[in-house]
Amino acid sequence: MMNNADADRGDRTVTKYAAAAALHGKATHEGDSDLANRSYEELASIYRSLRERGERDRLLPLLEHADPAVRGWAAAHALEFAPERAVTVLTALASGPPSPERLTAQMTLQEWRKGKLTFP
Amino acid sequence: MHRRFREYDPATGQFTQEDPIGLAGGLNLYGFAKGDPVNFSDPFGLCPPKDNNVNDCPAESSRSFWDRLWSGPRYVEVNGERYPITAGAVPDVVPGGGVVRAFRSFGAFKRAMGAADEGMQWHHIVEQAGNVERFGAEAIHSARNLLQVPTAIHQRISAFYSSKQAFTGGQTVRMWLRNQSFSEQMQFGRDVLRNFGMIP
């Protein structure tokens, strides 16, 4: 059973994940690949730790986040454990206005449907 | 194949009429751009420029002469989409022929087509890195694969290729593309341009 300390830690983890996803999106828009790649590694690390603790569901609220980069990252990872909800979010992003987030959503869905998408 | 001033016979690689420039165009009055219609372009059948530099041609077949005469399209088509050619560049699409210029190096392309306009850079839709060896220089340094984009967008796209994204499995986009076919990379490159604001 999850105690208050566990819940607080989980909340902090999701907050860190959302911040890293938003930073990755900002870096991609601004053409800063070093920052994007540092953010990528942090996202991968957080996702691995959530999986190890059996807490991946904590990412699901981020599917409704205001930042499309955060929604896109949460959906890309959620394809592993909540594919129906993830596909809904990625399909919406993939049909949105032109943007790096739209391209990433299109390519993520394409790779997943081909069975080529890998998870951290 | 009809070219503005002469008829070109693809079977022989020769024109069927004498070069109107006469001896100024070289001793072979029926030659076509040094016999290599892929790597050299002579849209009006007037001059095979040395090193692809139209400024080496006689004055009457110079770039400005071509521009004054040219009333055809100023774009290249890639999979049905049109990409504009900068004003002043030698036309790539010849009347009725659809020949697109291709070069053995990026330097040769720039010598022939000119430097990018101020604030712009030449952009390879299918990247150079690793692909010249796979697909050949002529496929990469072709007017089909190069267009001018604003420097800021070019830099953002270059950074995107250096970044890791959700779909690349822990690799950079460039590494993820490495084993894909030319047509897959072309499609992806067009999608990138569209999503970074270059193609409406």
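Everything below is about the structure shown above.
Figured I'd write up the structure that's included with this text. All of these numbers come straight from a predicted model, not from anything done at the bench. Residue numbering note: each chain is counted from 1, following its sequence as written. Ligands are numbered from 1 and chains lettered from A, in the order in which they are written. Thresholds applied to this predicted model are a pLDDT of at least 70 for local features of residues and 80 or more for the giving and counting of side-chain atom pairs; totals over whole chains, interfaces and linings are not thresholded and use all residues.

**Some thoughts on the packing of helix H3 (residues 68-78) of chain A against helix H5 (residues 100-113) of chain A**
All names here are of chain A.
Link 1 in the chain: Axis angles are defined between N-to-C directions and span 0 to 180 degrees, where every axis is a line fitted to C-alpha atoms and, for a helix, only to the segment in contact. By definition, any uninterrupted DSSP run of H or I lasting at least four residues is a helix, any uninterrupted run of E lasting at least two residues is a strand, and each is numbered from the N terminus. Across the interface, H3 lies against H5 with an axial gap of 10 Å and an inter-helix angle of 10 degrees. With respect to H5, the element H3 is oriented roughly parallel. Within the contact between the two elements, H3 uses Pro-68, Ala-69, Gly-72 and Ala-76 and H5 uses Glu-101, Thr-104, Ala-105 and Thr-108.
Link 2 in the chain: Its residues placed into classes, the contact of H3 with H5 shows four nonpolar, three polar and one charged. By the definition adopted for this analysis, an angle is roughly parallel if under 35 degrees, roughly antiparallel if over 145, roughly perpendicular if from 65 to 115, and oblique otherwise. Any residue pair is listed as a contact if its two C-beta atoms, each placed from the backbone, are within 7 Å. Three classes are used, and their members are as follows: Ala, Val, Leu, Ile, Met, Phe, Trp, Tyr, Cys and Pro are nonpolar, Asp, Glu, Lys and Arg are charged, and the others, Gly among them, are polar.

**Observations regarding the nonpolar core**
Link 1 in the chain: Buried Ala, Val, Leu, Ile, Met, Phe, Trp, Tyr and Cys residues form a nonpolar core when they are connected through C-beta atoms within 7 Å. Counting other C-beta atoms within 10 Å of its own, a residue is labelled buried from 20 upward, exposed at 12 or fewer, and partly exposed in the gap between, with every C-beta atom placed from the backbone. Formed by 43 residues in total, the largest nonpolar core has its most connected members in A:Ala21, A:Leu43, A:Trp73 and A:Ala75.
Link 2 in the chain: Of all the secondary structure elements, the ones that give two or more residues to this core are helix H1 (4-30), helix H2 (33-52), H3, helix H4 (83-94) and H5 of chain A together with helix H5 (151-161), helix H6 (173-177) and helix H7 (182-195) of chain B.
Link 3 in the chain: Here the element with the most residues in this core is H3(A); it accounts for seven residues.
Link 4 in the chain: Among all residues touching A:Ala21, those that are not within four sequence positions of it are A:Leu43, A:Ala69, A:Val70 and A:Trp73.
Link 5 in the chain: B:Phe103, B:Phe109, B:Met113 and B:Leu146 belong to the second largest nonpolar core, which has nine residues in total.

**Some details on the environment of B:Lys110**
Residue and element names in this part refer to chain B.
Link 1 in the chain: Turning to its location among the elements, Lys-110 is positioned in helix H2 (residues 106-113).
Link 2 in the chain: Accessibility expressed as a C-beta count within 10 Å gives 16 for Lys-110, which makes it partly exposed.
Link 3 in the chain: It is 8.6 Å that separates the C-alpha atoms of Lys-110 and Trp-122, two residues lying 12 residues apart in sequence.

**Looking at the interface of chain A and chain B**
Link 1 in the chain: Tallying the contact residues gives 21 residues for chain A and 17 residues for chain B.
Link 2 in the chain: Looking at the side of chain A that touches chain B, the elements that each hand over two or more residues are H2, H3 and H5 of chain A.
Link 3 in the chain: For the side of chain A that touches chain B, the per-class residue count stands at nine nonpolar, nine polar and three charged.

**A closer look at the packing of H3(A) against H4(A)**
All names here are of chain A.
Link 1 in the chain: Put simply, H3 and H4 touch, their axes get as near as 8 Å, and they point 140 degrees apart. In this view, H3 runs oblique relative to H4, as classed from their interaxial angle. When the axes of H3 and H4 are compared, the crossing they make is left-handed. In contact with Pro-68, Arg-71, Gly-72, Ala-75 and Ala-78 of H3, H4 contributes Arg-85, Ala-86, Val-89, Leu-90 and Leu-93.
Link 2 in the chain: Residues of the contact of H3 with H4, tallied by class, amount to seven nonpolar, one polar and two charged. Helix crossings fall into two classes, left-handed where the near helix is turned counterclockwise from the far one by less than a right angle and right-handed where it is turned clockwise.

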